[in-house]
Each structure stands twice: as C-alpha cells, then as structure tokens.
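Residues per chain, in single letters:
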Number of protein chains: 2
Amino acid sequence: MLYSKLFPKTLKQVPSGAESVNHQLLVRSGFIDQLMAGSYTLLPLGWKVYLKIENIIREELDKIGCQEMLMPLLHPRDIWDKSGRWSDPNVKEIMYQFKDIHEREFGLSFTHEEIVAYILSKFIKSYKDLPVLLYHFSTKFRNELRAKSGILRGREFIMKDLYSAHISEEDMWQWYEIVKKAYVEIFKRVGLDAKVVEAAGGVFTKGHTHEFQVLAESGEDVIYYCQKCDFAQNQEIYDGEKKCPRCGSEIQSASSIEVGNIFPLGTKYSQALGVAYQDENGKSQDVWFASYGIGMTRLIGTLVEVFHDEKGIIWPESVAPFTVHLVGLDLEEESIKTEAEKIYKLLQAEGVAVLFDDRVGPSAGEKFSDTDLIGVPYRVVISKKTQGKLEVKKRNEKNTHFVTLEALVKMVR
Amino acid sequence: MLYSKLFPKTLKQVPSGAESVNHQLLVRSGFIDQLMAGSYTLLPLGWKVYLKIENIIREELDKIGCQEMLMPLLHPRDIWDKSGRWSDPNVKEIMYQFKDIHEREFGLSFTHEEIVAYILSKFIKSYKDLPVLLYHFSTKFRNELRAKSGILRGREFIMKDLYSAHISEEDMWQWYEIVKKAYVEIFKRVGLDAKVVEAAGGVFTKGHTHEFQVLAESGEDVIYYCQKCDFAQNQEIYDGEKKCPRCGSEIQSASSIEVGNIFPLGTKYSQALGVAYQDENGKSQDVWFASYGIGMTRLIGTLVEVFHDEKGIIWPESVAPFTVHLVGLDLEEESIKTEAEKIYKLLQAEGVAVLFDDRVGPSAGEKFSDTDLIGVPYRVVISKKTQGKLEVKKRNEKNTHFVTLEALVKMVR
C-alpha cells in the first residue's frame, strides 16, 4: 500500500477528550475514529489489525471443531422474556430496548445466550446431535454510563462469542478445558501474555470459572498472582494470603485488562428456552451450556496499552497491519525513487505486506515520526545514503543495520 | 467437515410461512434460520457461502484501490439531522429510531452516507487527499412493512457499501465507470449473469444511473432489455419502444432481482456535512460523492432463486460451501469405511473443501436427497459397488462416471 493513498494520514495532535493511551494513539495514528462516546469506526489500518486477529481466532476455534455462523443483532422481546432477562433491572440499564413505529419491542444484542438457545431448541433432537460449538464475530451494544477507555469499553464493539451445548455436566467441563487451551493459544499468537485467572462461579457453579487477564497499568481490574507458578485469582475471590497456596512463593498484585472469559452456564438457558435432547433410553434431558467470549475491539486496545512507547504503537508481528514500513527519502531524486519503487514491488512479489511512504516533501524526521506512531514491526529506509542496500530497524529495537533484499525477506518471514 | 458433526442437519419439511424459494430451500438445507420476520441467522453452511462472496468482492475492490474499514451501526441523531434525513417521512418509515433511557436519540444504520461524510470531513484537507474509496461489509436495518421474500428483503441484512469521494464531477464519473467494471467482474465471479440496467438519476443527475439486475421469475423488478446487445432499462424509465435504440433488435421484458446499484450523489452530502478540500489555488471546494451497494445476503438469496431445481440448490463452484460432497454408503462394512475415510483425508490434504457424509444408518436415497438439497457441485460416492474407484456426479448434470482420486482432484481444481 502506498502511504500517499492511505486513508487517513496520521494526526499531529491528540484528539480532545481522549484520556486513555489506546484512544490517543489509535486516533493519532489513523487506526480508529470516534463517532460518538464509546463508538468508533475501525479505519483501514485498524481494520487490517482486526482481520488478522479474527483470522487467528477462526483458525484456533475451527481446529477444535467449532463452527462459525452469524446471528442477528436486533432481537424480539419475546425470546428475552423467556429467560426473564428482558425485565431484569441490570439488563435494562445496559441493553438498548425500544419500540418501533408499529409498537413492536426490540432489544439490541449485548450477548447471545437466548438467541443461540432458541436456535438450538429447533434443531437439537438427540444425544447424537451433541456436543455442538457455535461461534460468531458480531457487534454488541451496551449502554455504558461512562465510556472513557477508548476501545477498551465501548457502547458499540465487536465480540467473538462462542456457545457450547452438551449432553452432561461432565461433557461441558471437558470442553471447557479444551476451549480454555485454545484461548491460551489465541492470546499467545496475538502476542499477549494472558494469565488464566480464577474468578467467581457466577450463575451456575460454586467452583471457580476463569478470566483471561493481561497485565497493564491502565487496567480496570486487579489480579493477585504467584511470582513463580501459574496461580492467579481476581480481586473478587482473592482471600488475602501472602503465599501461593500451590507453591508457597510470594503473591503479587497488578492492574490488568480482561480480554476473555469463559462461563459454564449449566441448564439455565436450556430450561428457559426449552433446549432438550433424547438420551440413549429415549428420555428427554436438558442440554448443558457454556459460553466463551473475547472482546475483539478491546483486544486491539489492550495490545496498544501493552505495546507502545512515548513515540507510538509497537505492534506484534502476528497482528501488525503491515510487516514492513518502507520509507523512501530523497525521492525527488529520480534514481532513488526508481530504486524504492523497485524494492516495494519486489517485497510485494515475495508476499510481504508493505506500507510504502512514497511522499515527496515531508522530511526524514516527519516520516520517521509516522513510522514510530503507526508501529509496523520493520522500518526499512532507502535514501541517498543507503547506496543500494536497505537500512533496517525493528520498531522495538534501537539499532539500525544494512541488509540486502534477500536477507530482509528472510528476516520478515 | 464431517456431516455427522455439521450443525444443523437438513429438514424434511418446508418451514411454515416460507413463501419464497430461497427461504424454503435455504432453511430446509440448513443454511439459514429465521429469528423473526425478515431476520435470519446465517448458519455454518450459509456463513461459508457468505465468506466466499465477501472474499471475491474484497479482492475485486482492493484491486482497484478501494480501502476496507468498518463503521458503527448505531448513529446519533445529530449527524442525520445535518442532511435533513432524520426527519424525512420516507426515512422515518424504514429507519429504526429511538431514545435510550437517558433520552439520547439514536438511529440504526440503513445506509452510511452521513457517517462516511462525517468521517471524511475530519480528514480531507487538500486535493492531494482525493480520490478516496472506502467500503465496508456491514449490517443494515430496515423496518420493511412486509418481509416475505426470504433473504431477498430483510429487516436486518448485510450489505457491502462503498463510498467514493472526488475533487470534481469528472473524477467522480471516471471512478463510477471503474467501479461499474469491478461490479461486472464480481457478479461474473459469483456465477451470476447480472445485466447493467439504466435507471433514473435520483438525487443528483438527470442522466441515467445503473442497477445490476439478475433475471429471475421471482424478482420484484421488471426490466426491458435487448435480445442482442447489452441495452437494458428498468421499468421506471423505459419508454415502451419495441426496438432497441442501439441495434434495432427486439426488446423483451423479464422479472429480475436487483443485486447491486451505483449512485452518483454529487455534492449533496459534502455540503450538508461540510466535506471540503483546498484546490491547487488554495480555494475551498465541495467534495463530490458517489455510493455503490451490493446486498450480500440478498445475493445469496438470488443465487438460490436462479440456481435450483425441484430437488434443491445448485451452487456455482466459486461460492459453494464445499467443493465435494463425499457420500459414504455401506459404511457398516469396515473396509468401505476405511476407504472412505482415507479418501476424505487425501482430498483435504489436496486442499479440496469436502463435506463427508459419514453417517451409518441413513439409506442411499436419504443421503442423495441431502446432497441434492445442499447443492455442493461434486457428489462423490464410495460404496460396495465403487470398488476402489470414485463415482462422481456433478450437481447440475445427470450422468455419473467413475474416476480415480487423481482425476477427481484435477477435475475440481
């Protein structure tokens, strides 16, 4: 992609009202644009990051046998009445609910348990139809009172939600562990060190469920975790012990951002929506449910909160919008321009995703500020000084070095 | 994918209230499920078709320099007040508009001209920033009075909308032609013979604009077109001539489905939202706009209306959820089962998308009914009778023939 054609260009100034780091950096670098409080357009650069994350999640979930689909966003009241949640005061606070001009009542999706249960109620007949694991990437709406954390907490955002249905509690817990492992792999692949943190059981279990938390100064959550082993608990259930109950090492605490959660739901929704199956003896049984969420836009915000410096974003390679930011300097000289264009095309031909700053005019300093702000992993410079070689600098390193095109291609693969 | 694991299985009966062919077939074959009138879940098979179409469109639009992003669905009233459309009675009929519990007014997206203009107003400064072509695949909501055409006309559906912004009317028309050609290519690639049909100019031009129409008995539109050349007009502007004004051949008429449209918008939205640029002389000028839509879910419905027979759907290869539907018969015999599983794995290793009917129990007749209903391009049978060969039948042909695995792989590539 030519930077001269990219929409939009970077901004010099921090947007007014942007309090959080992710909001400031993502807006200044041209990844997102705010439509209103808590609602953002994912601009072309931001959308590229989104698609890369989506693809990683799709691969990992498909690998364990999940099936992707897409459920609607506008929900009729009657289905939400079945679970009783339509009239729950906590729900009424965050769910946009309204009547249309024909007095029909609708709510906008903030989660999909009722809808997925409604769908399953039509199709699940026998124990042979289970287990089934269904997921979608989908817009969610939540009428948050305050929405000041950039894309960490929006009124409109994208989530991956997965729902699993089972013949028994045992099968549910077995899949719960399988999905937990897939989640660990997903966060690792997007470049995040997410801790599996024990949390309160919620609607169904008295035991622990799990959240995936990423340490970050700006996080709204606090977790307590062992310095040595993988023991970790959220503030809600942590009992104040100074030593790890597993290995005896010291417990420390830190702010963190919740990037994913997994919930065993038991038979609450199957009973409410009538999702039952016939067992091997022909007896009707309730289906067991669990749900698993990853906040997609929140994940992008978390990456920025974790990976940035005073100059801008530092994207992990697996989710970066481009792999190479090729910076042409001295492009008013025909020979340099021709050289830079040649390298741009050769890199593309090698399958490398390149953003080429082809602008004539801006100074080297301006161009380098932009590369630092945008945060592509490899900055590659061609100028009068580079003399047929390529000057490479990784975004997260200080040193530059000179390499051939061949070496560069090897490096970025 | 194993058919035994696929969610959901085919249905024996036509769902009640399903009047249109696409609704009947897509529900029976397990591609979609109705949540309420005009609102459908795209089930795993339907979602596979959707993603294939999305990918074709993405490739063709990126090829001409369009940039993908994602705009929000929940819009604040004030931006829609700027164009005056919030209070337009025609808009109020179809746009879901409501107040939240804090008395803030919102509307749900049925189109994005206002939003894209608002975004551009922040970033477009100079003639150097233009042209820019931005698109997204996004949910749309329309409060349709009747929603009886399956996924041809929904209350919630997915559209690809593209918006282009230009320095001049001339540039706008130039890009209009470029996008028109990309659209022709897109419809060709998804397997549809879409006619480019002249339509009334709409808000901006007194000349003609263009719709993309696919002939279909069930279509709500009527078009008049030349038997020999590519002249075609919609009912609204057709003046009743019997002979083609271009080549003199006979004009005929037919029902059709509109799958895409392209609209020059002029400066209406740039004036309303303040989208201006500085020209080479430093003078402020209005930006010229055009918009281009493709109904994504409608396209899936159209494919079914056009490509089906009394037994089920006949997907074009480019958008089929799988390329091969491998049917194992006599699977209770261990040697046949082993053979079928081997072929399934070998085909997958060759990169062929295979749906493998691995069920033990259903008769050959039941399995063949399912393959015909689902409509995957190649049916491949392994049974006692096939003796180490593969019995292949194309969904749109009558004859079966026996081939080796190697020949099959060549055939489906």
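Everything here concerns the structure above.
In this report, the structure presented in the accompanying data block is examined.

All right, on to the overall build of chain A then. Within chain A, the secondary structure is distributed over 11 helices and 23 strands. For the C-alpha atoms alone, the extent of chain A along its principal axes is close to 80 × 65 × 45 Å. Within chain A, buried positions represent 58% of all 413 residues. Put simply, of all contacts in chain A between residues at least 6 apart along the chain, 68% involve residues at least 24 apart. Of the roughly 17400 Å² that chain A leaves accessible, carbon and sulfur atoms contribute 47%.

Moving on, we get to the packing of aromatic side chains. Under the criterion given, the structure shown has 29 aromatic pairs over all chains. For the pair Phe98 of chain B and Phe106 of chain B, a centre-to-centre distance of 6.1 Å together with 45° between the ring planes defines the contact as tilted. Note on Tyr224 of chain B and Tyr238 of chain B: the rings are 3.9 Å apart at their centroids and 10° apart in plane angle, and the pair reads as stacked. Of the two residues, Tyr224 of chain B is situated in strand β11 (residues 221-226) and Tyr238 of chain B in the loop between β12 (232-234) and β13 (251-266); the sequence distance between them amounts to 14 residues. Side by side, Tyr224 of chain B and Tyr238 of chain B carry an identical accessibility label, which is buried. Put simply, the rings of Tyr96, Phe98 and Phe106 of chain A together with Tyr96, Phe98 and Phe106 of chain B pair up and form one aromatic cluster. Its end group placed over the ring of Tyr3 of chain A, Lys9 of chain A keeps NZ or CZ at 5.5 Å from the ring centre.

At an RMSD of 0.0 Å, chain A and chain B line up after a rotation of 180° and a shift of 0.0 Å along the axis. The transformation relating the two chain copies, once decomposed into turn and shift, fits a two-fold axis. In terms of C-alpha distance to the rotation axis, chain A has Phe98 of chain A as its closest residue, with the C-alpha 3.1 Å off the axis. Interface overlap between copies is the fraction of interface residues in one copy that are interface residues in the other; for chain A against chain B it reaches 100%, indicating a shared surface.

Residues and elements named next belong to chain A. Inspection of the entire model under this criterion finds 61 salt bridges over all chains. Put simply, Arg58 and Glu54 hold a salt bridge, and the shortest N to O gap is 3.0 Å. Taken as a pair, Arg58 and Glu54 lie in helix α2 (residues 44-63) at a separation of four residues, close to a single helical turn. Glu54 carries the same exposure label as Arg58, and that label is buried. Across the salt bridge formed by Lys99 and Glu103, the nearest N and O atoms sit 3.7 Å from each other. Residues participating in the shared-partner salt-bridge network are Glu59, Glu60, Lys63 and Arg189.

Here the focus is the interface of chain A and chain B. With 56 residues of chain A at the contact, the number on the chain B side is 56 residues. Taken together, both faces of the contact between chain A and chain B bury some 4800 Å²; the carbon and sulfur share is 67%. When residues of chain A are sorted by the area they lose upon contact with chain B, Phe7, Leu35 and Phe123 of chain A head the list and together hold 15% of the total. Taken together, the connections running from chain A to chain B amount to two salt bridges. Among the ionic pairs, Asp33 of chain A bridges to Lys122 of chain B, the shortest N-O distance being 2.9 Å.

What counts and how
Residues numbered from 1 in each chain as written. Chains lettered and ligands numbered in written order. Predicted model: local features only at pLDDT ≥ 70, side-chain atom pairs only at ≥ 80, totals over all residues. Heavy atoms only, no water. Helix = DSSP H or I, 4+ residues; strand = E, 2+ residues; numbered from the N terminus. Buried < 20%, exposed > 50% of the residue type's maximum accessible area, 1.4 Å probe, protein only. Contact = heavy atoms within 4.5 Å. Areas by Shrake-Rupley, 256 points an atom, 1.4 Å probe, with all protein chains shown as cover. Phe/Tyr/Trp six-rings, centres within 6.5 Å; stacked < 30°, edge-to-face > 60°. Lys NZ or Arg CZ within 6 Å of the ring centre and 35° of its normal. Least-squares fit on C-alpha atoms with pLDDT ≥ 70 in both. Salt bridge = Lys/Arg side-chain N within 4 Å of Asp/Glu carboxyl O. Buried area = accessible area lost by both parts, 1.4 Å probe.

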